[in-house]
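Listed here are the chains, written in short residue letters.
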Amino acid sequence: MPAADPKPSTPAAADGTQPGAPDVAGRAWVEHVATVPPADAYPGVDELLAAFRALAARHPERVTERRIGTSGLGEPLLCFSVRADTTATPRTIDSPRSPDPDDTAPHYVVVGGVHPNEPVGAVTALHLATALCEDPSLRGHFGGEWHVVPCVDPDGARLNEGWFRSPTDKRLYGRHFYRPAGDKQVEWTFPFAYRDAYFDRVLPETFALMRLIDATRPRFLTTLHNCEAGGVYYYLSSPAPELYPVLEAIPAAAGLPLATGEPEAAHTPRHAPAVYGCIDMRDAYDHLDGLGADAAAEIAGSSSAAYAARYGTFYFVTEVPHWSHPEADDGTPLPRRHADVIRERAASLRATGLLLGGLLDRALPHLTLRTPFLAAVRAFVPSLVTAADLETNRAAELPDRPATVADRYACLHSAHSCRIRFGGMLLRALAAEITAGTAGPVVRACHAELLAVYEGWEAEADPVTGEPIPVATLAGVQYAALLAAADHARAAGAAEGDRT
């Protein structure tokens, strides 16, 4: 018997929590949405680090700059620690922190640039550090020490700087886009061992974060992410029903929708509308295995959330979109079934994978430059056909219910996103050969053929992507949500201390 059709109204969470208005403390965090100064662009790596160093120079008694590691290309990885108590000794991060029952000061870790194509966190991190330096009441409320890493993947971020100066330009975004393959992403290269999966190829950037987490044993950890289009959504390491009303109110205060359609990770638990449990690679393994995939081959490492869990850390992520679309949270049921929109997305992924794969296969024997773009597409392009197979298998097992407008939008946008991202990186790989003067006739022909197709993809994706959102609005939502979640972790830690 078909499942009952979903209603357009916002449903209760899986744990039965009903949405409601935030309490007085929650409303105070909502007000922080509007505190980020206007900005027309995202800072490049050099500009961002210069701003942090200028902040440290203005507040030398409160801010400590430390090097926590070295990037794959040899760039220093920096952390700026802001202390509430200037008489306290700065936390040493060169060795793990030993448990000390008398050391009750909380530590908060904030990491920007874990995915180099997600620059909203750069603005958020700088605003947070500035506010902690300039606002005694904010420092006093949280206490302890904040450890802010402005950009943990500077090598990757520099490959996106071509669109950082004009973030509303969709064409520039796609043609200057870069994201490394999964086993080269800082967020997904923490050690992992589960069933037949074993991963220990830890990146130097990931190792730097491991050392920082070990040294601080943070009460709160957030890695600053953002998505591409649609609405706002969140990941939490554990359910926090008292947070859900404020997490709903924060984007609403900025006029942004929640993303309530098909989630990016179907195996994650849903706690409330647009609020999910963390992506757990053990669950991902079981999910893939159940769909007939070679799960051990598909999965790289684990996440910062999983690594920090050993310290009882509350982990939190806010995903804010560059572009907003009203269908992202439209729960209106459609005449079509949910499984049908999943199959439609699978068909699009397959077509994209086959087209890009064919061009890549033709060009590859003639490519002489092993660029980061080529390395990325050699991993991502074949995965599109694999994903199409898995999505088709999943559709056959889904409960029979109608798709919502939000479901349809999420599937449609993600299909367009794969075209723009992976097609754009293949264009960059081919164009690098042309620019270097090493492109023969085959490479030039592949570039021309892909460019013609890609221009059509850009036109088709434009209305689906939606309208640009001001940089300050995105950072304001991320900043306010970060503070609310950190306050939850602060209060929970204090309560635990009182019990012990």
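First things first, this report covers the structure right here in the doc.

Criteria and cut-off values
- Residues numbered from 1 in each chain as written.
- Predicted model: local features only at pLDDT ≥ 70, side-chain atom pairs only at ≥ 80, totals over all residues.
- Heavy atoms only, no water.
- Phe/Tyr/Trp six-rings, centres within 6.5 Å; stacked < 30°, edge-to-face > 60°.
- Helix = DSSP H or I, 4+ residues; strand = E, 2+ residues; numbered from the N terminus.
- Buried < 20%, exposed > 50% of the residue type's maximum accessible area, 1.4 Å probe, protein only.
- Salt bridge = Lys/Arg side-chain N within 4 Å of Asp/Glu carboxyl O.
- Expected span 1.5 Å × (residues − 1).
- Polar contact = N/O pair within 3.5 Å; in protein donor to acceptor, adjacent residues only side chain to side chain.
- Contact = heavy atoms within 4.5 Å.
- Axes fitted to C-alpha atoms, helices over the stretch in contact; angles between N-to-C directions.
- Parallel < 35°, antiparallel > 145°, perpendicular 65-115°, else oblique.
- Nonpolar A, V, L, I, M, F, W, Y, C, P; charged D, E, K, R; others polar.

For the rest of this paragraph, the subject is the packing of aromatic side chains. Throughout the structure, instances matching the rule amount to 20 aromatic pairs. On the basis of an interplanar angle of 35 degrees and a centroid distance of 5.6 Å, the ring pair of Trp29 and Phe142 is categorised as tilted. In this pair, Trp29 sits in helix α1 (residues 24-30) while Phe142 sits in helix α4 (residues 136-142), placing the two residues 113 residues apart along the sequence. Of the two residues examined, Trp29 and Phe142, each falls in the buried class. Relative to Tyr307, the ring of Phe190 has its centre 5.7 Å away and its plane inclined at 40 degrees; by these criteria the two rings are tilted. You can see Phe190 sitting in the loop between α7 (170-175) and β5 (192-194) and its partner Tyr307 sitting in helix α12 (residues 304-308), a full 117 residues away along the chain. This pair shows no difference in class: Phe190 is buried, exactly as Tyr307 is.

Under the criterion given, the structure shown has 25 salt bridges. In this structure, Lys184 engages Asp183 in a salt bridge whose closest nitrogen and oxygen atoms are separated by 3.8 Å. When its relative accessible area of 26% is taken as the criterion, Asp183 is described as partly exposed. In this structure, Asp340 engages Arg343 in a salt bridge whose closest nitrogen and oxygen atoms are separated by 3.1 Å. Placement of the pair is Asp340 and Arg343 together in helix α13 (residues 338-363), with a separation of three residues, close to one helical turn. Judged by its relative accessible area of 32%, Asp340 falls in the partly exposed class. One network of salt bridges, in which partners are shared, links Glu262, Arg345, Glu391 and Arg394.

If you check helix α3 (residues 120-134), its first and last C-alpha atoms are 21 Å apart, about what 15 residues at 1.5 Å a residue would give, namely 21 Å. With respect to burial, α3 is a largely interior element, 13 of its 15 residues being buried.

With that settled, consider the side chain of Asp407. Its place among the elements puts Asp407 in helix α15 (residues 405-436). Given the relative accessible area of 4%, Asp407 is considered buried. Separated by 3.0 Å, the side chain of Asp407 and the backbone nitrogen of Glu262 make a polar contact. Those residues within four positions of Asp407 in sequence are excluded, and the remaining contacts are Gly261, Glu262, His338 and Arg401.

Now for the packing of helix α2 (residues 45-58) against α3. Running from N to C, α2 and α3 point in directions that differ by 5 degrees, and their axes come no closer than 11 Å. The orientation of α2 relative to α3 falls into the category roughly parallel. Residue-level inspection shows Leu48, Ala51, Phe52 and Leu55 of α2 in contact with α3, the latter providing Ala122, Ala125, Leu126, Ala129, Thr130 and Cys133. Looking at the contact of α2 with α3, its residues break down into nine nonpolar, one polar and no charged.

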